[in-house]
Amino acid sequence: MAVVTCAAHKTFGRGFSNEVQTVKLTWNQANDTGEADDTFKMGTTDGKILVLSSFVHVETACAGASGTAIIGVFGGDTDAFLDITSGAVANLADDFVDKETTGQGIVLASGAIVSMDIATTDFSAGKINVILTYVNID
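Rules behind the numbers
Residues numbered from 1 in each chain as written. Predicted model: local features only at pLDDT ≥ 70, side-chain atom pairs only at ≥ 80, totals over all residues. Heavy atoms only, no water. Pairing = 2+ DSSP bridges. Helix = DSSP H or I, 4+ residues; strand = E, 2+ residues; numbered from the N terminus. Axes fitted to C-alpha atoms, helices over the stretch in contact; angles between N-to-C directions. Core = buried A, V, L, I, M, F, W, Y, C linked by side-chain atoms within 4.5 Å. Buried < 20%, exposed > 50% of the residue type's maximum accessible area, 1.4 Å probe, protein only. Contact = heavy atoms within 4.5 Å. Disulfide = S-S within 2.5 Å. Salt bridge = Lys/Arg side-chain N within 4 Å of Asp/Glu carboxyl O. Lys, Arg positive; Asp, Glu negative; His and termini not counted. Polar contact = N/O pair within 3.5 Å; in protein donor to acceptor, adjacent residues only side chain to side chain. Phe/Tyr/Trp six-rings, centres within 6.5 Å; stacked < 30°, edge-to-face > 60°.

S.K.: Teacher, can you tell me more about the sheet that holds strand β3 (residues 39–45) here?
M.R.: Note on sheets: strands pair through backbone hydrogen bonds, and any given pair is parallel or antiparallel. Spatially, the four strands line up as an open sheet ordered β1-β3-β8-β5, and their pairing is mixed. At either end of the open sheet lies a strand with only one pairing partner, and these are β1 (3–12) and β5 (68–73). Averaged over all neighbouring strand pairs, the angle between strand axes comes to 15°, with direction disregarded. Here β5 pairs with strand β8 (residues 113–119) via six bridges, running antiparallel. The residue bridging Thr68 from the neighbouring strand is Ala119, located in β8.

Structural data, given as C-alpha cells:
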C-alpha cells in the first residue's frame, strides 16, 4: 500500500470571509496509476472549511474487473464523498455523478486531505473528479 499524490493535487481553502468557493480535485489513472490498495491524495485544505455541497463526477469510465473506490477524508471519514457501494467499478461509467449525504455540510480541518482509495483489483483506466463547494470558517 502506497500513498500517492495525484499529479493534479490542489491546495484549497483560504478565501475572503464568507466567500463561497468551488474546487475540482482530479484523479486520472493515466497520470496517477490505479493500483489497488493505494491511497491517492487529491487535495489538501489550507484553512478550516465547511463543505456546502460535494459531487463526484466520472469523466472517463473506470475499468478494472471488480475494483472499488472510496473518496473521503484521509485519516477521517474515508468515504464521505463516495462510498464503496457507489464506487463499484460497474457504477463508474462515463458521466456518472454521485452525491453522498455524508459529504454535505461536513467540516474539514486545516490540513485535511481529500483522498481516494482503490481496492480489490487495479483500475486500468478512469478519471474521477470531486467537486466541492465550500466556505472558509476560520
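Read on, since the account is not over.
S.K.: Help me out: how do you make sense of the nonpolar core in this one?
M.R.: As a rule of thumb, nonpolar side chains are buried together in soluble globular proteins. By size, the foremost hydrophobic cluster in this structure holds 31 residues, and its most contacted members are Trp27, Ile71, Phe81, Met116, Ile128 and Leu132. Elements supplying a minimum of two residues to this core: β1, β2 (20–28), β3, β4 (49–63), β5, β8 and β9 (125–136). Broken down by element, this core gets its largest block of residues, five residues, from β4. Ile128 has contacts with Leu25, Thr26, Trp27, Met42, Val56, His57, Val58, Cys62, Ile71, Leu92 and Met116, leaving out every residue within four places of it along the chain.

S.K.: Would you mind going over the state of the cysteines with me for this structure?
M.R.: One way to say it: the disulfide is the covalent bond shared by the sulfur atoms of two cysteines. Scanning all chains against the criterion turns up zero disulfides. Cys6 takes part in no disulfide bond, and the closest cysteine sulfur to it belongs to Cys62, at a distance of 12 Å.

S.K.: How should the pattern of salt bridges be read in this particular structure?
M.R.: Note that side chains of opposite charge can pair when their charged atoms are close. Considering all chains together, one arrives at three salt bridges under this definition. One salt bridge in this structure joins Lys127 and Glu59, with 3.4 Å as the shortest N-O distance. Taken together, the positions of Lys127 in strand β9 and Glu59 in strand β4 put the pair 68 residues apart, joining distant regions of the chain. For Glu59, a relative accessible area of 34% gives the class partly exposed.

S.K.: Got a minute to help me understand the side chain of Asp38 in this structure?
M.R.: Of note, Asp38 is situated in the loop between α1 (29–32) and β3. Buried within the structure, Asp38 lacks any salt-bridge partner; Lys41 is the closest side chain of opposite charge, at an N-O distance of 13 Å. Side-chain polar atoms of Asp38 contact the backbone nitrogen of Ala2, separated by 3.0 Å.

S.K.: Please explain the packing of aromatic side chains as it appears in this structure.
M.R.: Think of a pair of aromatic rings as described by two things: how far the centres are apart, and how the planes are tilted against each other in angle. Within the structure shown, the criterion is met by three aromatic pairs. Each residue in the set Trp27, Phe40 and Phe123 is aromatic and connected to the rest through ring pairs, giving one cluster.

S.K.: Any chance you could explain unusual backbone geometry here in plain terms?
M.R.: Where the residue is not glycine, phi is negative for most of them; where a peptide bond is considered, it is trans in most cases. One non-glycine residue with positive phi stands out, namely Asp37, at about 75°. For Asp37, the location among the structural elements is in the loop between α1 and β3. Judged by its relative accessible area of 47%, Asp37 falls in the partly exposed class. Even without being a glycine, Thr120 presents a positive backbone phi close to 75°. You can see Thr120 is positioned in the loop between β8 and β9.

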